[in-house]
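# Remarks on the overall topology
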Amino acid sequence: MTRRHRPAALLAGVSVLLLTAAGCSDLRSEIEAETGAGAAPTAPAQPPPSSVAPPSPLPQPSSPPTEATPPGCPPSGLDVVIGGEDSAMGHRVVTLKLWNCGSKPYRVKGHPGLELLDEAREPVDVEVTHESEYTFTGRRDDRPRQLTLAPNDTASAVLHWNNRVTSLDGAPTPGAHILVTPAPGEEPVSLPLPIDLGTEGTLDVTSWAADPVSGR
C-alpha cells in the first residue's frame, strides 16, 4: 500500500487560513471597540416593589370650638352702657345698664365697682357709698339679689352724686370717665361720663337689679 504525503504547500495554506481567521476576529473586535458597536448594555434589574404600604399620616387633633362674642362685646360677655340721666336741684342721677352680650347665661350679685378718672385718665379721689335716698329704683330696699342674665338680658344700677359746692376752697377736680366693674374679677368697662363733683365728694350707687323687660 502506497502512503500519500500531503504537500507542504497544503499545510502552509491551512496555517495561513487559520492565522487569517484569527486576525480577522481580532480586527473585528478592535473595530467594534472603536465604534461602540456590539451588544447593547442591559438595564440593571429594578428591585421588586415593597409589599409593605407606607404608614398613613396620623390625624391632627382639632382645636376645641370657641364661643365667639358679637363685635364690640367684651371677652367676658358683659358690657355696661349709660341708660339715662336726670338732674334736679344740684343732684345728678345716671342709670347704668349691665348687658349680657355674650352667648351664655351670667350670674351677678351686688354693687358694681366704680372708679372715677379725670380728663388725663388719672384717678379722682371720691368716696363710693350705697345709701343715698335719691337712687330710687322702685324697690323697697337695696339688698343685693342673685341675678341670672340670659343672653341679651339687662340689669340696672342707679348712680347719684351732688354737685353743690359749699366750701370756699372751690370745687374738686371734675371727673371725665368712669370705670365700671360689673362683678368682682371682671374687667372694668370705661365710659365717658362728665361728673361735676361737689364738695361732698361722694358717688352713691345701688346694687344690680333685673330689668322688667329683656333687651338693651
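For the structure itself, consult the block above.
Cut-off values and rules
- Residues numbered from 1 in each chain as written.
- Predicted model: local features only at pLDDT ≥ 70, side-chain atom pairs only at ≥ 80, totals over all residues.
- Heavy atoms only, no water.
- Salt bridge = Lys/Arg side-chain N within 4 Å of Asp/Glu carboxyl O.
- Helix = DSSP H or I, 4+ residues; strand = E, 2+ residues; numbered from the N terminus.
- Buried < 20%, exposed > 50% of the residue type's maximum accessible area, 1.4 Å probe, protein only.
- Disulfide = S-S within 2.5 Å.
- Polar contact = N/O pair within 3.5 Å; in protein donor to acceptor, adjacent residues only side chain to side chain.
- Pairing = 2+ DSSP bridges.
- Contact = heavy atoms within 4.5 Å.

### A short note on the pattern of salt bridges
One pass over the structure, following the stated rule, counts two salt bridges. Of the charged contacts in the structure, one is a salt bridge between Arg92 and Asp196, with a shortest N-O distance of 3.9 Å. Here the residue Arg92 occupies a position in strand S2 (residues 91–100), and Asp196 occupies one in the loop between strand S9 (189–195) and strand S10 (202–205), the gap between them amounting to 104 residues. A salt bridge links Lys97 to Asp211; the nearest nitrogen and oxygen atoms lie 2.8 Å apart. With a gap of 114 residues between them, Lys97 in strand S2 and Asp211 in the segment after strand S11 (209–210) connect regions that are remote in the sequence. Judged by relative accessible area, Lys97 falls into the partly exposed class, the value being 21%. Classification of Asp211 by relative accessible area gives buried; the value is 17%.

### Overview of the state of the cysteines
Tallying each qualifying case throughout the model produces one disulfide. Here Cys73 is linked by a disulfide to Cys101, with a sulfur-sulfur distance of 1.9 Å. The sign of the 75° torsion about the S-S bond sets the Cys73-Cys101 disulfide as right-handed. A residue pair is termed long-range when its members are at least 10 positions apart, and Cys73 in the loop between helix H1 (8–35) and strand S1 (78–88) and Cys101 in the loop between S2 and strand S3 (106–108) qualify at 28 residues. Take Cys73: its relative accessible area is 10%, and that puts it in the buried class.

### Points about the side chain of Thr206
Its place among the elements puts Thr206 in the loop between S10 and S11. A polar contact of 2.9 Å, which involves the side chain of Thr206, links it to the backbone nitrogen of Val158.

### As for the pairing of S10
The side chains of a regular strand alternate, residue by residue, between the two faces of the sheet. Burial of the side chains of S10 extends over both faces: Thr202 and Asp204 are buried on one face and Leu203 and Val205 on the other. Looking at chain direction, strand S5 (residues 127–129) and S10 are connected through three bridges and run parallel. By the bridge assignment, Val128 is partnered in S10 with Leu203. Taken together, the two bridges between strand S7 (residues 154–162) and S10 define a ladder with antiparallel strand orientation. When the sheet's bridge partners are listed, Leu159 is paired in S10 with Val205.

### What about the environment of Leu191?
Within the fold, Leu191 resides in strand S9. On the accessibility criterion, Leu191 (9% relative accessible area) is buried. Between the alpha carbons of Leu191 and Ile178 there is a distance of 5.3 Å; along the sequence they are 13 residues apart. Those residues within four positions of Leu191 in sequence are excluded, and the remaining contacts are Val80, Val81, Ile82, Leu96, Ala176, His177, Ile178 and Val180.

### Focus: the pairing of S9
Burial along S9 is one-sided: Val189, Leu191, Leu193 and Ile195 are buried, and none of Ser190, Pro192 and Pro194, which face the opposite way, are. Two elements, strand S8 (residues 175–181) and S9, share five bridges in a ladder whose sense is antiparallel. The partner of His177 across the bridge, within S9, is Pro192.

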